[in-house]
Amino acid sequence: MMKKKSISASKASLVLFLCQMISALDVPLDSKLLEELLQPPTITQQSPKDYIVDPRENIVIQCEAKGKPPPSFSWTRNGTHFDIDKDAQVTMKPNSGTLVINIMNGGKAEAYEGVYQCTARNERGAAISNNIVIRPSRSPLWTKEKLEPNHVREGDSLVLHCRPPVGLPPPIIFWMDNAFQRLPQSERVSQGLNGDLYFSNVQPEDTREDYICYARFNHTQTIQQKQPISVKVFSTKPVTERQPILLTPTGSTSTKVELRGNVLLLECIAAGLPTPVIRWIKEGGELPVNRTFFENFKKTLKIIDVSEADSGNYKCIARNMLGSVHHVISVTVKAAPYWITAPRNLVLSPGEDGTLICRANGNPKPNISWFANGVPIAIAPEDPSRKVDGDTIIFSHVQERSSAVYQCNASNEYGYLLANAFVNVLAEPPRVLTPANKLYQVIADSPALLDCAYFGSPKPEIEWFKGVKGSILRGNEYVFHDNGTLEIPVAQKDSTGTYTCVARNELGKVQNEVRLEVKDPTMIIKQPEYKVIQRYGQVSFECIIRHDSTLLPTVIWLKDNDELPDDERFLVGKDNLTIMNVTDKDDGTYTCIVNTTLDSVSASAVLTVVAAPPTPAIIYARPNPPFDLELTGQLERSVELSWIPGDENNSPIRNFVIEYEDGLHEPGVWHYQTEVPGTQTTVQLKLSPYVNYSFRVIAVNEIGRSQPSEPSEQYLTKSANPDENPSNVQGIGSEPDNLVITWESLKGFQSNGPGLQYKVSWRQKDVDDEWTSVIVANVSKYIVSGTPTFVPYEIKVQALNDLGYAPEPSEVIGHSGEDLPMVAPGNVQVHVINSTLAKVHWDPVPLKTVRGHLQGYKVYYWKVQSLSRRSRRHVEKKILTFRGNKTFGMLPGLEPYSSYKLNVRVVNGKGEGPASPDKVFKTPEGVPSSPSFLKITNPTLDSLTLEWGSPTHPNGVLTSYILKFQPINNTHELGPLVEIRIPANESSLILKNLNYSTRYKFYFNAQTSVGSGSQITEEAVTIMDEVQPLYPRIRNVTTAAAETYANISWEYEGPDHANFYVEYGVAGTMASRQIDIATQGWFIGLMCAVALLILILLIVCFIRRNKGGKYPVKEKEDAHADPEIQPMKEDDGTFGEYSDAEDHKPLKKGSRTPSDRTVKKEDSDDSLVDYGEGVNGQFNEDGSFIGQYSGKKEKEPAEGNESSEAPSPVNAMNSFV
């Protein structure tokens, strides 16, 4: 595929040239394709640059290469052609460039010392190997010498020289005695880097005659021995103590040069009595953490993987009680060349441009030189498409003859680097690498990716078709990837079929077909459910599935996310799991997993096992606490704790829990330390430095935990460097120009000593900056100001205390503060899928303009107007967020036949960027909602009148209404269905020619051009004969008016399903509509009857009161006692006044009653309805009236009869009426 590369150089002309698109072909890693394409040689294997060989074995110099056609090989030796055909001892392996020099049959290795170089060549170019220096190993004997015994005075220093023979490679030196036992070494006696044995001061026990130096030559596996050296120590009393002097190195200063990446070894060995102690420091800096090691009893400083930053002055200080001496070693770190950018192979099409870049660094700066096919480029055949500019070769308008292998050599005085990179110019017709008729299977509603891997030069164009004669695929429902893959983001069942990809360039055209099958998803239609089962019972979990008929599902059951126990009690059926004879171990979560080759679903349920009903048994209890805690074996980092268990109370102790208290940092707070089995009464505990420990033990059995034991004695551990660094180190900017570094501080016991602080270090990532550090205390945050906006930083936080630093912390990557995105997404496109769904696409914004972590994109969309009503309304914007770097999204829930606008904004952690320009789109018509109402009125013998309201949501232009109806007989069977189409502008219809006294069911819906909407149903009955209908009757109308409302009540007689209309107005304005009810004859007669009835009731009440009898009203009160009835005043037996909750004013006569004639208790709690039988309405009286006929009287004496009230006048009036 095409890759864009940008290269910067010093010259303005080169910069301008490289700003153009420079592209190269990617060759797919297809074995068949690679076998067919022409390719210049590439060295794949070669011997090391410095090759030391065993002179007793054959010499094998490796050189392997690949290419098309296969390359031929040749060699040079010491810069001239090496004709292997003229040397019978030298052969070349078949199909290889590897040389085999036969030493074991008479050849001499020394004769073949030299510098060798291999060349692999074919018609496309030549690749060369490194210069391979062949040297046979050497293990010479020690020269004979006469060694005089060493007579040394006790306390003096001594050096036994080894002076091994010079070998190749250098030997390994060690000192032994005649019994082949290594001589013991210590701070006083040790071996130097040069192999000599140094005595800081000699002691009488150093006297011996078998100090022997051995040299081991690993390459030849031989050991050479020096003549034994004799040492005799004579004593003088007293022994004189001496201040330190340096045995090696000599003088006060020295220098050392080491190469980058190597191991730096610095040595200081001192004489003196007592034996001096060596200490190392770096002047003006610190020794690098994690790379510094001390060897040979701190006499050798070892720094691994050195870099230029390790240059400087290193001081060794030798000290004893009499004084000190020091030596400064000035270290300079040089560097052999190392790659910054090694040249990479280029595959180009004729006429394309490209570059080879070769960048290396070193100390001193390496020289860069170019070769073409192994020949210096200055004398190589000219190529007009090639231009050399320092470390870059620029190719423009290449042709097939431009193919070659180029070598880049970077060298300085410490070494060289050699890299081969070919330029391969290919003209190839298109090829499709994806197998023909490949079958892809996906689950519905998931993405489908159809591959069309291809190659060609120039790069082919790719098109996709569906079916044999289908048209080219375009549109927002497809995604076309650069590698030729076709993506269907949401595959549906109708996506199944054959797809054809066509690849074409100027040299030809090729096509390939693949097939796609879309399967139904696997579903668990009945999931396992939570179960509680008694011990030893049986339980079953169901897992019933539905899947695509062409997929074979497998069902797996898990317990607590692990395999089911291997137990015959577990029975796995086709769609269930049964557990027989349940035990406590079966308690847990059971999961049913259904797998097919394309998808997987799962469902889980918890099983809780409870004990069976208890039977009389032994009483179990928690154990008693342990006692007699004792600490022994106190060490810096460990202690042994022992105890005596308490009574286990009929339940064996399962384990002991050990807790500790840190009396220094958190007195009174107990922490978990460890736990041990119940059979164990001692434990070795690991401790941390600088903690004042106390311990306690808790015993645990099946019943529960014991009370804690009494605390042990306290044990304070010594201070030490911190063992760990702060955790959860983060770097997140709070402002565009800062970096907030936070961490979780160490706990008190983690400090390991007093003076806990933190060293906070940071540097900008991918920039060659030094670390910036600050040391802070008692905080867990540090703010770095003045940073660039949203750039990565390397961060580390290291703990330290008064004793030193913690280990080198690991680095984390953080970012400075974010700022709002700079640009809006472009190329916003909307594809309306249907009347309620649309798909929006946009181009992603460049990441550098996001200026923060890309969180996603927000789509704002809102309805502008309905196209059917042409009326604008309040704009309510909706927002959809698409996470990540998505470039499309679906807009659901749109209203049909409407005009919408949308825009897109990019979102980062700081907020939203600017909005894209508003995009207008319209949704097509949809089906309407149901009519707002259907009302059937005016029933006659053979007709009904239908009235209806238009749909609330027409979702388009209404074309008509559809009315369907059918009769229903006495057995609720439906008759034939009749359908009528009604114009859209109608709102009523009279249906005639119906059957008398017949019930009809009606189905009514509206239509647009898209189709029919949901229907509304109703039933109605034609009348039996033409009798006068029963007109409704309303009576006993009462009113109660407040400041802002009035409550109206009435009694109703008449047919069901009545509608009530209340007419009211300002007094005097409705005179023409009012009738004076007081002048109506029926009303005067009714009132007279009521007055007579009340008079009779009063007389009866008076008589019965004098007789002390009980009234039935009291019995009804007892039977219908309502806790919500308003209490009466104790002083006069009347109801308290009812006040409105808002203004607390007395409510006037009357109450509020809804139009359905139901009485609400919260409206009037002093109603007599609760005491009546069948009063359909509400009767309100003032307090005096209610106090006279109902309610509680003052208490009578205990032995007297309690009087009751008169019967309710409402009941009496109802019975009279």
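Just so you know, these numbers come straight off a predicted model, no measurement behind them.

Across its full length, the protein chain holds seven helices and 87 strands. The buried share of the protein chain, taken over its 1217 residues, is 40%. For the protein chain, contacts bridging at least 24 residues in sequence account for 64% of all contacts bridging at least 6. Of the roughly 67100 Å² of accessible surface on the protein chain, 51% is carried by carbon and sulfur atoms.

A few words now on the side chain of K226. Checked against the element boundaries, K226 lands in the loop between β18 (222–225) and β19 (229–234). One polar contact links K226 to E145, side chain to side chain, over a distance of 2.5 Å. Within the structure, the side chain of K226 is placed 3.2 Å from the backbone oxygen of C162, a separation counted as a polar contact. Beyond its immediate stretch of four places on either side in the chain, K226 contacts W142, E145, L147, H161, C162, I212 and C213.

So, on to the confidence of the model for the protein chain. Considering every residue of the protein chain, the mean pLDDT works out to 84; 85% of them sit at 70 or more. Considering only residues more than four positions removed or in separate chains, one finds that residues 1069–1075, a stretch of pLDDT under 50, has five contacts. Note on residues 1108–1217: pLDDT is under 50 here. Beyond four places in sequence and across chains, it has 163 contacts.

Going through the model one piece at a time under the given rule, you end up with six disulfides. The disulfide partner of C162 is C213, and the gap between their sulfur atoms is 1.9 Å. Since a negative S-S torsion denotes a left-handed disulfide, the C162-C213 link at about -70° is left-handed. Taken together, the residues span a long stretch of sequence, with C162 in the loop between β13 (158–160) and β14 (172–176) and C213 in strand β17 (residues 208–217) at a distance of 51 residues. Judged by its relative accessible area of 0%, C162 is buried. Here C543 engages in a disulfide with C592; their sulfurs sit 1.9 Å apart. One disulfide, between C543 and C592, carries an S-S torsion of -65° and so falls in the left-handed class. On the criterion of sequence distance, the pair formed by C543 in the loop between β49 (539–542) and β50 (544–546) and C592 in strand β55 (residues 588–595) is long-range, its members being 49 residues apart.

The next thing to look at is unusual backbone geometry. Geometrically, the link from K237 to P238 is a cis peptide bond, its omega value of -10° lying close to zero. Position of P238 relative to the elements: it lies in the loop between β19 and β20 (242–248). With an omega of 0°, the peptide bond running from L273 to P274 counts as cis. Counting through the fold element by element, P274 comes out in the loop between β23 (269–273) and β24 (277–282). The backbone of N296 sits at a positive phi, close to 55°, despite the residue not being glycine. Looking at the element boundaries, N296 is found in the loop between β25 (292–295) and β26 (300–303).

Ordered in space as β22-β26-β25, the three strands form an open sheet in which the pairing is antiparallel. A strand with exactly one partner marks an edge of an open sheet, and here the two such strands are β22 (264–267) and β25. Across this sheet, the average inter-strand angle for adjacent strands is 20°, counted without regard to direction. Examined bridge by bridge, β25 and β26 share four bridges and lie antiparallel to one another. Looking at β26, one finds that T292 is bridged to I303.

Our focus in this paragraph is the sheet that holds strand β32 (residues 367–372). Spatially, β29-β37-β36-β32-β33 is the arrangement adopted by the five strands of the open sheet, whose pairing is mixed. Single-partner strands in this sheet number two, and they are β29 (346–348) and β33 (375–376). Pairing analysis gives six bridges linking β32 to strand β36 (residues 404–412), with the strands arranged antiparallel. Bridge pairing in β36 places W370 opposite C408.

Here we take up the packing of aromatic side chains. Scanning the model with the defined rule gives 21 aromatic pairs in all. A centroid spacing of 5.6 Å and a plane angle of 15° characterise the contact between Y900 and F921, whose relative ring orientation is stacked. Taken as a pair, Y900 in strand β77 (residues 898–907) and F921 in strand β78 (residues 919–922) lie far apart in primary sequence, 21 residues in all. The structure contains a cluster of three or more aromatic residues connected by ring pairs, namely F174, F180 and Y214. Geometry around F541 places K531 over its ring, the cationic atom sitting 5.4 Å from the centre. The ring of Y860 has R905 lying over it, and the distance from NZ or CZ to the ring centre is 4.0 Å.

Let's shift gears to the pairing of strand β57 (residues 627–632). As paired strands, β57 and strand β58 (residues 638–644) are joined by four bridges and run antiparallel to one another. Opposite E630, over in β58, you have S642 as the bridge partner. Where β57 folds back onto β58 in an antiparallel hairpin, the turn is made up of five residues, including G633, whose phi is positive at roughly 60°.

Attention now moves to the nonpolar core. Judged by nonpolar contacts, the single largest core of 29 residues is most densely connected at I59, I61, W75, I101 and Y116. Every element with two or more residues in this core is listed here: β3 (59–61), β4 (63–68), β5 (72–77), β8 (99–101), β9 (114–122) and β11 (132–136). Considering every element that reaches this core, the biggest residue donor is β9, with three residues. Apart from residues no more than four positions distant in its own chain, I61 is found in contact with S47, Y51, W75, G97, T98, L99, I101, Y116, I132 and I134.

Glancing now at a nonpolar patch on the surface. A contiguous nonpolar surface patch, about 660 Å² in accessible area, is contributed by L1092, L1095, I1096, I1099, V1100, F1102 and I1103. Relative to the elements of secondary structure, I1103 occurs in helix α4 (residues 1081–1107). On the basis of relative accessibility, which here comes to 42%, the residue I1103 falls in the partly exposed class.

A word on the environment of K509. Residue position: K509 is located in strand β46 (residues 508–519). Here K509 falls in the exposed class, since its relative accessible area comes to 56%. Sequence separation between K509 and I462 is 47 residues, and the spatial gap between their C-alpha atoms is 10.0 Å.

Quick look at the environment of V514 now. The topology assignment puts V514 in strand β46. V514 sits in the buried class, given a relative accessible area of 1%. Sequence separation between V514 and Y440 is 74 residues; the distance between their C-alpha atoms is 7.6 Å. The residues contacting V514, other than those within four sequence positions of it, are T434, P435, N437, K438, Y440, L450, D451, W464, G497, T498 and Y499.

So, about the pattern of salt bridges. Applying the stated criterion across every chain yields a total of 42 salt bridges. Residue K935 is joined to E947 by a salt bridge in which the shortest nitrogen-to-oxygen separation is 3.6 Å. Residue K935 is found in strand β79 (residues 931–937), and its partner E947 is found in strand β80 (residues 944–951); the two are separated by twelve residues along the sequence. Note on E947: relative accessible area 28%, which makes it partly exposed. We note a salt bridge from R999 to E1019, for which the minimum N-O separation is 3.3 Å. With R999 in strand β84 (residues 999–1007) and E1019 in strand β85 (residues 1016–1021), this residue pair connects regions lying 20 residues apart in the sequence.

On to the environment of T485. Position of T485 relative to the elements: it lies in the loop between β43 (479–480) and β44 (486–488). Given the relative accessible area of 7%, T485 is considered buried. Sequence-wise, T485 and C452 are 33 residues apart; in three dimensions their C-alpha atoms are separated by 5.4 Å. If we skip the residues at most four places from it in the chain, T485 touches L449, L450, D451, C452, W464, V479 and F480.

Calculation criteria
- Residues numbered from 1 in each chain as written.
- Predicted model: local features only at pLDDT ≥ 70, side-chain atom pairs only at ≥ 80, totals over all residues.
- Heavy atoms only, no water.
- Helix = DSSP H or I, 4+ residues; strand = E, 2+ residues; numbered from the N terminus.
- Buried < 20%, exposed > 50% of the residue type's maximum accessible area, 1.4 Å probe, protein only.
- Contact = heavy atoms within 4.5 Å.
- Areas by Shrake-Rupley, 256 points an atom, 1.4 Å probe, with all protein chains shown as cover.
- Polar contact = N/O pair within 3.5 Å; in protein donor to acceptor, adjacent residues only side chain to side chain.
- pLDDT = per-residue confidence, 0-100.
- Disulfide = S-S within 2.5 Å.
- Pairing = 2+ DSSP bridges.
- Axes fitted to C-alpha atoms, helices over the stretch in contact; angles between N-to-C directions.
- Phe/Tyr/Trp six-rings, centres within 6.5 Å; stacked < 30°, edge-to-face > 60°.
- Lys NZ or Arg CZ within 6 Å of the ring centre and 35° of its normal.
- Core = buried A, V, L, I, M, F, W, Y, C linked by side-chain atoms within 4.5 Å.
- Patch = residues over 30% accessible without salt bridge, like charges linked within 9 Å, V, L, I, M, F, W, Y side chains within 5 Å.
- Salt bridge = Lys/Arg side-chain N within 4 Å of Asp/Glu carboxyl O.

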